[in-house]
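# Residue-level structure breakdown
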Amino acid sequence: MRKFEMKRWCKALLMIAVPVIMLSSCSKDDEVSADYMGTWSAVVTVSESGNSIQCKDKFTFTQSGFSDLLQLRDPSTGKYIDYMKLNGSMTVSGNALNMKVTEIGVSTFDVTGYPTGSIVMYKEGSSVFTSLFSQTGQSQNVKSVYEVSGSKMTLKTDNNNDGDYTDDGETTVYTKE
């Protein structure tokens, strides 16, 4: 894939990935962990202009925060490469998750235009943080609902802020790691 095509792919993936969110686990010894807490992952294939790439979306939820790591599968090695990461704060009410992205990171690229897997993070308030969100048209505040059944979590995210979870790409099923 040429450098130009890879950058276009990365921009398309960034637009898809920003609203998607999952999170990491941490609890006090005397607390019962909520069923959403822990690390969850989903593998999806994204296609554009006749090319497709396999992506792993890996979320970690804690009681009050989250981390969402998007990885791209390198077709030549079969290994996943870290591409983008979101960190943030979260409040939970019933099965509703209200998340606010407070940090965003994107992989650096090698001379051929492929991601290196080395993610540079940008904090809320920085010009790069603001620029990344304006490029995607996504909100820094994300509303989701979840349902856990055994080792599966169905996460519905209102990507376009229209008040529902019925649009394409707004429902993803994750597996607990």
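Moving on: the overall build of the protein. Along its length, the protein carries two helices and nine strands. Counting across all 177 residues of the protein, residues that qualify as buried make up 39%. As displayed, the protein offers around 9200 Å² of accessible surface, 49% of which is attributable to carbon and sulfur atoms.

For strand 1 (residues 38-48) and strand 2 (residues 51-61), the ladder comprises 11 bridges, and the chain directions are antiparallel. Directly across from Val43, in strand 2, lies its bridge partner Lys56. Between strand 1 and strand 2, which pair antiparallel one after the other, the connecting turn spans two residues, and Ser49 there sits at a positive phi close to 50°. Relative to strand 3 (residues 65-73), strand 2 is paired through seven bridges, and the arrangement is antiparallel. Its bridge partner being in strand 3, Cys55 is matched across the sheet by Leu72. In textbook terms, the turn of a hairpin is the stretch between consecutive antiparallel strands, and for strand 2 and strand 3 this stretch comprises three residues.

Looking now at the pattern of salt bridges. For the structure shown, the criterion picks out three salt bridges. Of the charged contacts in the structure, one is a salt bridge between Glu177 and Lys58, with a shortest N-O distance of 3.5 Å. Of this pair, Glu177 sits in the segment after strand 9 (171-176) while Lys58 sits in strand 2; the two residues are 119 residues apart in sequence, bridging distant segments of the chain.

This structure, assessed with the given rule, holds four aromatic pairs. A ring pair is formed by Tyr36 and Phe61, whose centres lie 6.0 Å apart and whose planes are at 90°; its orientation type is edge-to-face. Residue Tyr36 is found in the loop between helix 1 (3-17) and strand 1, and its partner Phe61 is found in strand 2; the two are separated by 25 residues along the sequence. A relative accessible area of 3% places Tyr36 in the buried class. By relative accessible area, Phe61 is classed as buried at 0%. Connected via pairs of aromatic rings, a cluster forms that spans Tyr36, Phe61 and Tyr146. Note that Lys56 overlies the ring of Tyr80, its terminal NZ or CZ placed 4.8 Å from the centroid.

What follows is about the environment of Ile119. In this fold, Ile119 is placed in strand 6 (residues 115-123). For the pair Ile119 and Ser107, spaced 12 residues apart in sequence, the C-alpha separation works out to 4.1 Å. Other than its neighbours up to four places away in sequence, Ile119 contacts Leu69, Asp82, Tyr83, Met84, Lys85, Gly105, Val106 and Ser107.

Across six bridges, strand 5 (residues 96-109) lies against strand 6 in antiparallel orientation. From the neighbouring strand, Phe109 faces strand 6, where its bridge partner is Pro115. Adjacent in sequence and paired antiparallel, strand 5 and strand 6 are bridged by five residues, among which Gly113 carries a positive phi angle near 95°.

A separate point is the side chain of Asn159. Locating Asn159 in the fold gives a position in the loop between strand 8 (152-157) and strand 9. A distance of 3.2 Å separates a polar side-chain atom of Asn159 from the backbone oxygen of Gly169.

Conventions used here
Residues numbered from 1 in each chain as written. Predicted model: local features only at pLDDT ≥ 70, side-chain atom pairs only at ≥ 80, totals over all residues. Heavy atoms only, no water. Helix = DSSP H or I, 4+ residues; strand = E, 2+ residues; numbered from the N terminus. Buried < 20%, exposed > 50% of the residue type's maximum accessible area, 1.4 Å probe, protein only. Areas by Shrake-Rupley, 256 points an atom, 1.4 Å probe, with all protein chains shown as cover. Pairing = 2+ DSSP bridges. Salt bridge = Lys/Arg side-chain N within 4 Å of Asp/Glu carboxyl O. Phe/Tyr/Trp six-rings, centres within 6.5 Å; stacked < 30°, edge-to-face > 60°. Lys NZ or Arg CZ within 6 Å of the ring centre and 35° of its normal. Contact = heavy atoms within 4.5 Å. Polar contact = N/O pair within 3.5 Å; in protein donor to acceptor, adjacent residues only side chain to side chain.

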